[in-house]
Amino acid sequence: MKLIDPVLVVDLFPAERDALLDLLSGLSDDEWGRPTVCEGWSAKDAALHLLGDDIGRLSRGRDGYVGVAFVPKEGRDFEAELLAFINEANERWVQATRRISPHLLCDLLRFTGEETQRYFQSLNLFEIGEPVSWAGPDPAPVWLDIAREYTERWLHQQQIRDAVRRPGLKERRTFAPVLDTFVRALPHTFRDVNAPEGTQVKLAISGDAGGEWSLVRGDGKWGLYLDADAEPIAAVVMDQETAWRLFTKGISKDEASANATLSGDRSLGMKVLDTVSIIA
């Protein structure tokens, strides 16, 4: 079996930001106010959120400024508390920055995009850093954290594009790393699924940006591989559009299953459709 490779995306951020700024600069007043799939947020609100992502990353990472830190309460549901903390912080930010004009917002996104890129380029991607919560509780390599940042930016830009009915960034170079990062949530999705050693579950995502991955049970946990050396006990095939929307809660599990093909052990196949690759 072949272990999956790291997802290295630092060189993709400038093109993603250029595409975002090109998109935003062409929006009408009406389009800035179009609702996105994020409840209560317009296209402008989603762009303000991206500005907040940049500022938060630079402040915490580059400058070592903590500000208001998340402190979990003993005995409480950690993931639920973290989600509530993040959602409240995001909402406060968006509400406070709605006074920013679209023109100034684009200027700020250009500046923070350049500064964030410099910061990302300064990092050792193969050091061990903080956990990526949807991939598991253990400290993760920095490259996975940066890949998560890329998916965050790609996703919110895509939500803006959906809202204003513009084509998405679906070329293989920009889209394949998103899917490759999202599937890193699979072992965490299966963390409580017991199965005999050697059990394999295959996921195939069709489309130019897709690929194939195998979940394999070994040493009491699940691992993710590119090539399986035995027949999978369950297999799931879905198209790339279904995949990214499922992993980001843009569609329901039932909607995804209607567009997917499951074979073998159906319970294990359906478990794949529980995968969530965002903090949600």
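These numbers were taken from a predicted model, which means no experiment stands behind them. (Residues numbered from 1 in each chain as written. Predicted model: local features only at pLDDT ≥ 70, side-chain atom pairs only at ≥ 80, totals over all residues. Heavy atoms only, no water.)

Trainee: Sorry if this is basic, but what is going on with the overall build of the protein chain here?
Mentor: In terms of regular secondary structure, the protein chain is built from 11 helices and 6 strands. Taking 280 residues into account, the globule formula puts the C-alpha radius of gyration at 19 Å, and the protein chain, at 19 Å, falls close to it. For the protein chain, the C-alpha atoms occupy an extent of roughly 55 × 40 × 35 Å along the three principal directions. Sorting the 280 residues of the protein chain into buried and exposed places 48% on the buried side. Considering only contacts in the protein chain between residues 6 or more positions apart, those separated by 24 or more positions represent 70%. Counting every atom, the protein chain has about 14,100 Å² of accessible surface; 51% of that belongs to carbon and sulfur. (Helix = DSSP H or I, 4+ residues; strand = E, 2+ residues; numbered from the N terminus. Rg over C-alpha atoms; globule rule 2.2 N^0.38 Å. Buried < 20%, exposed > 50% of the residue type's maximum accessible area, 1.4 Å probe, protein only. Contact = heavy atoms within 4.5 Å. Areas by Shrake-Rupley, 256 points an atom, 1.4 Å probe, with all protein chains shown as cover.)

Trainee: Help me understand the nonpolar core, please; the structure alone is not making it clear to me.
Mentor: Soluble globular proteins: nonpolar side chains tend toward being buried together. In terms of nonpolar packing, the biggest core is built from 57 residues, with Leu203, Ile205 and Met238 touching the most fellow members. Of all the elements, helix 6 (residues 142-163) adds the most residues to this core, at 8 residues. The contact partners of Leu203, leaving out residues within four places of it in the chain, are Val183, Leu186, Gly211, Glu212, Trp213, Val236, Met238, Phe247 and Val272. Judged by nonpolar contacts, the second largest core, of 18 residues, contains Trp32, Ile100, Cys106 and Ile160. (Core = buried A, V, L, I, M, F, W, Y, C linked by side-chain atoms within 4.5 Å.)

Trainee: Help me out: how do you make sense of the packing of helix 3 (residues 43-62) against helix 6 in this one?
Mentor: The relative placement of two packed helices is expressed as an angle between their axes plus a distance between the axes. Two elements in contact, helix 3 and helix 6, have axes whose closest approach is 8 Å; the angle formed by their N-to-C orientations is 165°. Between helix 3 and helix 6, the crossing angle belongs to the class labelled roughly antiparallel. Handedness of the helix 3/helix 6 crossing: left-handed. For the pair helix 3 and helix 6, the contacting residues are Ala43, Ala46, Ala47, His49, Leu50, Asp53, Asp54 and Arg57 in the first and Asp145, Ile146, Arg148, Glu149, Glu152, Arg153, His156, Gln157 and Ile160 in the second. (Axes fitted to C-alpha atoms, helices over the stretch in contact; angles between N-to-C directions. Parallel < 35°, antiparallel > 145°, perpendicular 65-115°, else oblique. Left-handed = near helix turned anticlockwise from the far one by under 90°.)

Trainee: Please clarify how the environment of Leu169 should be interpreted in this entry.
Mentor: Along the chain, the position of Leu169 falls in the loop between helix 6 and helix 7 (172-182). C-alpha separation for the pair Leu169 and Glu16, spaced 153 residues apart in sequence, amounts to 8.4 Å. The contact partners of Leu169, leaving out residues within four places of it in the chain, are Glu16, Ala19, Trp154, Gln157, Gln158, Arg161, Thr174 and Phe175.

Trainee: Please clarify how the sheet that holds strand 1 (residues 2-3) should be interpreted in this entry.
Mentor: Sheets are built from strands that pair by backbone hydrogen bonding, the pairs being arranged parallel or antiparallel. The 6 strands lie next to each other as 1-4-3-2-5-6, forming an open sheet whose pairing is mixed. The sheet terminates laterally at strand 1 and strand 6 (261-264), the two strands that pair on one side only. Bridge analysis of strand 5 (residues 234-239) against strand 6 gives 4 bridges, and the strand direction is antiparallel. By the bridge assignment, Val237 is partnered in strand 6 with Thr261. Where helix 9 (residues 240-247) meets the sheet, its contacts fall on strand 2 (200-206) and strand 5, and the angle it forms with strand 5 comes to roughly 100°. (Pairing = 2+ DSSP bridges.)

Trainee: How should the pattern of salt bridges be read in this particular structure?
Mentor: Opposite charge on two side chains permits them to pair, given that their charged atoms come into close proximity. Taken as a whole and assessed by the stated rule, the structure comprises 23 salt bridges. The salt bridge partner of Glu115 is Arg62, with a shortest N-O separation of 3.1 Å. Separated by 53 residues along the polypeptide, Glu115 in helix 5 (residues 102-121) and Arg62 in helix 3 bring together distant segments of the chain. On the accessibility criterion, Arg62 (41% relative accessible area) is partly exposed. (Salt bridge = Lys/Arg side-chain N within 4 Å of Asp/Glu carboxyl O.)

Trainee: When you look at helix 4 (residues 78-97) in this model, what are you seeing that I'm missing?
Mentor: Given 3.6 residues to a turn, an α-helix orients residues that are three or four positions apart in the same direction. Helix length check: helix 4 (20 residues) gives 29 Å between terminal C-alpha atoms against 28 Å at 1.5 Å per residue, within 8%. Residues of helix 4 that are buried include every one of Glu81, Leu82, Val94 and Thr97, and no others. (Expected span 1.5 Å × (residues − 1).)

Trainee: It is not clear to me how the packing of aromatic side chains should be interpreted in this structure. Could you clarify?
Mentor: Centre-to-centre distance and the angle between the planes together describe a pair of aromatic rings. The tally for this structure, following the rule as stated, stands at 7 aromatic pairs. Between Trp154 and Phe175 the ring centres are 5.0 Å apart and the planes differ by 5°, which places this aromatic pair in the stacked class. With Trp154 in helix 6 and Phe175 in helix 7, this pair connects stretches of sequence that are 21 residues apart. Its relative accessible area of 1% is what places Trp154 among the buried residues. Three or more aromatic residues joined by ring pairs make a cluster, and in this case those are Phe13, Tyr119, Phe120 and Tyr150. Over the aromatic face of Phe175 sits the side chain of Lys170, whose NZ or CZ is 5.8 Å from the ring centroid. (Phe/Tyr/Trp six-rings, centres within 6.5 Å; stacked < 30°, edge-to-face > 60°. Lys NZ or Arg CZ within 6 Å of the ring centre and 35° of its normal.)

Trainee: I keep staring at the side chain of Arg217 and nothing clicks. Help me out?
Mentor: Relative to the assigned elements, Arg217 resides in strand 3 (residues 211-218). We note that Arg217 is buried and unpaired, the nearest opposite charge coming from Glu197 at a distance of 4.4 Å. A polar atom in the side chain of Arg217 sits 3.4 Å from the backbone oxygen of Gly220. Contact partners of Arg217, with chain neighbours within four places excluded, come to Val193, Asn194, Ala195, Pro196, Glu197, Gly198, Thr199 and Trp222. (Lys, Arg positive; Asp, Glu negative; His and termini not counted. Polar contact = N/O pair within 3.5 Å; in protein donor to acceptor, adjacent residues only side chain to side chain.)

Trainee: So what exactly am I meant to see when it comes to helix 9 here?
Mentor: Of all the 8 residues making up helix 9, 6 are buried; the element is thus mostly covered by neighbouring parts of the structure. Buried within helix 9 are the following residues: Gln240, Thr242, Ala243, Trp244, Leu246 and Phe247. In this fold, the buried residues of helix 9 make contact with helix 6, helix 7, strand 2, strand 5 and helix 10 (253-259). One side-chain oxygen at the N-terminal end of helix 9 lies 3.0 Å from the backbone nitrogen of Glu241; it belongs to Asp239. Looking at the residues trailing helix 9, positive phi occurs at Lys249, about 65°.

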